[in-house]
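Observations on chain architecture
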Amino acid sequence: MTPAPTSPTSPGTAAPAAAPATEPSMSAMPLVSRPVVGIASPEQSATSFIDAIKAGKPVTSAVHPSLLKADHIVKVDDFQLWYSQNKALHGVTMGFPRSKVTAMIGPSGCGKSTLLRSINRLNDLIDGVRVAGKMTLSGDDVYAPKMDVINLRKRLGMVFQKSNPFPMSIFENVVYGLRIDGEKRKSVLADACESALRAAALWEEVKDRLKGSALGLSGGQQQRLCIARAIAAEPEVLLMDEPCSALDPIATLKIEEFIRSIAGRITVVIVTHNMQQAARVSDNTAFFYLGRLVEYGPTADIFQNPMLPETESYVTGRFG
Amino acid sequence: MSGLSMETATAATLAGSPRPARHRPPASGISRFVDSGLRWACRGAAATILLMLILPVSVLLIQAWPAVHRFGAGFLVSSEWRANELEIPVRDAAGKIIQKDGENVTTIEPPSFGALPVLYGTAVSAMLALIFAVPFSFAAALFIVRVAPKIKIAGPLSFLIEFLAAIPSLAYGLWGLFVLAPFLATTVEPALISTLGKVPFLSWMFFQDVEIAGATVRRQLPAAGRDMLCGGLVLGIMILPIITAVSRDVLKNVPRAQIEGSLAMGATWWQSCVEMLRYGRAGLFGAVMLGLARAAGETMAVTMVIGNNNQIVLSPLAPAQTMASLLANEFAEATDGLHGSALLYVALILLVMSLLFNIVARYLVVGKNSRTSGAH
């Protein structure tokens, strides 16, 4: 199931018929050239933009200027994805700034999880998935035919909606990534285990039972264990797919504290249904709707002063 | 917005004056009568099934009782299986046979029965079967779950594997007798003997100590073809479908998140398969137990290819006998009451064993799966 080879973004084929931005930063940032700073016109009501999307009309993502100039570790350029006949992503163009926390919000089915799972190519597992457009991780083309998917995934950590510890000891769970890399030195494994568990704020709770089964932990602990497992392998980007949706508020708080604690050190991309969570943990927020990036900007701006009225109506809970 | 329009629709349906409930006639007397009749019929059918389990077991118990009483637990460790009386000449202190009226004075040794050789034969042939079948079955199950759906052959493949289980065991037996056994005897076993035969610590596989006229002679086993190796291979083929089908279901039930979890960590295809096997290990063990139960109880095909030698020989290249093949071979000729009773004692052991294997397997496969799916 190889994704359809992408014609490297031949301009004008499936791209939104948006007027290309002619900014000076364009040559430096070729991947983030397509989204144009959409200016919300006063007469544009919340429904008209959404209706345009529903009608399948090309729309222009509103991207905050500061995000066009940022240092992006993951760049997405006119990325499109189909599940068999259904188009799930319609030409998304955005970048994820290095060492920042980026939240992706939007109603169910908006494509935010799909985009997240496209970064580590987990969507490859699903039958009939095709992609077009371009995506790069630190400059490497994620969907290039010569890209080794296993090595790609080794560079990315992922935390899932539901905790998925392996049925083995806590210790073996954390060092799983190192084990499959063939690491055998006990001291290296022990150090990696401790520092990852400390970072995930789980060390104090489990240090006396590292040999115990991971399945004996509570739901919140299991999720933090999965976080420890993901960061023990020192990924370039940590992908989080609604990591708190199955957790109680206290467990959620601990995960949010973890995200804040590693912000600035690891790039985090988090998909969340919880807008308060996005507001609390992220530096930047991207709002998706029906497979399109609607608005993308610093979190404070998105929640307090969005460019588009539809973003405002979504973040204030008036639709979605 | 969609939410809004739905609210309006709901409101519209609920609007208006309350509607009176429709008066519905009570159920007729006939339908109530039929209802209770069917209810009792279901109870009867369920009770019959229970009875069908209890009756044969109790008949078996009653018939086996003389042998159980006579040999007790010693039956399990005795390796003598002699249906005839034995006349032993009585010797005097000097070791000379005592004669009286020109005839030897003899004592009569009554028939004696012990199940150790058939227990051994059953255990070894079933183990051999598992050794052949389990790696194959797990690999096939992984293929069906992970590879076949992508190339759209999961359905036909599953059907074929289940079809294998429907082939009568006689067909496997005939194939084993006329194809596999000669092939083993002429090709495989001579090759084994010529290659591994010289390895000192493997000599037990190729030699047998035989007592001839009071002296122990070390004798090379003939490449017979009809031996435990052949029986194990045929059994392995026969239990392949059940182990594959059950492990396929177990592996299908491994949550997607587990597989994705290991893949997201950068696991290779095989490493993520290992995680699947690890996650489903209880159910897979249950699948193996089901296979074991079937291998231990399988009769016809094994009887045809195992050589039917009621003796313990360590080598898998020696003919042997299983509990089921002993029963198949001797039941028709068991005229003596104790002989028949001893055979039924064997059958009882087989029944209890299969029951235990099946209970363990069910607990592991069904119990585990329902528990995990319940937790989700």
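Residues numbered from 1 in each chain as written. Chains lettered and ligands numbered in written order. Predicted model: local features only at pLDDT ≥ 70, side-chain atom pairs only at ≥ 80, totals over all residues. Heavy atoms only, no water.

1. So, the interface of chain B and chain A
What counts, and what does not: Contacts between residues were defined by any pair of non-hydrogen atoms, one from each residue, lying within 4.5 Å. The buried area of a pairing is the accessible area, by a 1.4 Å probe, that goes missing from both parts when the two are put together, added over both. Any carboxyl oxygen of Asp or Glu that lies within 4 Å of a side-chain nitrogen of Lys or Arg is treated as forming a salt bridge with it. Throughout this description, a polar contact denotes any pair of N or O atoms lying within 3.5 Å of each other; where both atoms belong to protein, one of them has to be capable of donating a hydrogen while the other can accept it, and for residues adjacent in sequence the pair is counted only when both atoms sit in side chains. A helix here means a DSSP run of H or I that spans at least four residues, while a strand means a run of E at least two residues long, and both kinds are numbered starting from the N terminus. Note on residue categories: nonpolar means Ala, Val, Leu, Ile, Met, Phe, Trp, Tyr, Cys or Pro, charged means Asp, Glu, Lys or Arg, and polar means any other residue, Gly included.
Each side of the interface is counted separately: chain B has 21 residues, and chain A has 25 residues. For the pair chain B and chain A, the summed buried area comes to about 2200 Å², and 63% of that belongs to carbon and sulfur atoms. On the surface where chain B and chain A come into contact, there are two salt bridges. Here chain B and chain A share three residue pairs in polar contact (both at pLDDT 80 or more) between them. Mapped onto the side of chain B that touches chain A, the elements with two or more residues apiece are α7 (256-264) and α8 (269-279) of chain B. Broken down by element, the residue count for the side of chain B that touches chain A peaks at eight residues, all from α7 of chain B. A class-by-class count of the residues in the side of chain B that touches chain A yields eight nonpolar, six polar and seven charged.

2. Regarding the confidence of the model for chain A
Residues and elements named next belong to chain A. Stated formally: Confidence scores per residue from the predictor, reported as pLDDT, run from 0 to 100.
When the pLDDT values of chain A are averaged, the result is 84; 84% of them are 70 or greater. Within chain A, helix α1 (residues 46-54) has the poorest average pLDDT of any element, 69, and helix α5 (residues 170-174) the best, 96. Low pLDDT, under 50, characterises residues 1-44; the predicted model gives this stretch 77 contacts beyond four residues in sequence or across chains.

3. As for the sheet that holds strand β6 (residues 140-141) of chain A
Residues and elements named next belong to chain A. Quick note on the threshold: Paired strands, in this sense, are two strands between which DSSP finds at least two bridges. Whenever a helix is involved, its axis is fitted only over the stretch in contact; in every case the axis is a line through C-alpha atoms, and angles between N-to-C directions fall within 0 to 180 degrees.
Strand order in the open sheet formed by four strands is β3-β2-β5-β6, and the pairing between neighbours is antiparallel. The open sheet has two edge strands, β3 (86-97) and β6, and neither has a second partner. The pairing of strand β2 (residues 72-83) with strand β5 (residues 129-137) spans eight bridges and is antiparallel. Across the sheet, residue Trp82 finds its bridge partner in β5, namely Arg130. Here helix α3 (residues 112-119) sits on the sheet in contact with β2, β3 and β5, set at roughly 65° to β3.

4. Observations regarding the pairing of β3 of chain A
How we decide: Note on exposure labels: buried denotes an accessible area under 20% of the residue type's maximum, exposed denotes more than 50%, and partly exposed covers the range between, all computed with a 1.4 Å probe on protein chains only.
For β3 of chain A, the buried fraction is high: nine of the twelve residues fall into the buried class. Two successive antiparallel strands, β2 of chain A and β3 of chain A, enclose a turn made up of two residues, where Ser84 of chain A displays a positive phi of approximately 50°.

5. Regarding the packing of aromatic side chains
Heads up, the condition is: Note on aromatic pairs: the rings of Phe, Tyr and Trp (six-membered ring only in Trp) are paired at centre separations within 6.5 Å, and the planes decide the class, stacked below 30 degrees, edge-to-face beyond 60, tilted for the rest. Each ring is checked for a lysine NZ or an arginine CZ that lies within 6 Å of its centre and within 35 degrees of its normal; such an atom marks a charge sitting over the ring.
Overall, the coordinates contain nine aromatic pairs over all chains when judged by the stated rule. Arranged with centres 6.1 Å apart and planes meeting at 80°, the rings of Phe71 of chain B and Phe113 of chain B form a pair that is edge-to-face. Residue Phe71 of chain B is located in helix α2 (residues 29-71), and its partner Phe113 of chain B is located in strand β6 (residues 112-113); the two are separated by 42 residues in the primary sequence. No difference in accessibility class separates Phe71 of chain B from Phe113 of chain B, as the two residues are buried. Grouping aromatic residues by their ring pairs yields a cluster made of Phe71, Phe75, Trp81, Phe113 and Tyr345 of chain B. Of note, Arg130 of chain A hangs over the ring of Trp82 of chain A, and the distance from its end group to the ring centre comes to 4.7 Å.

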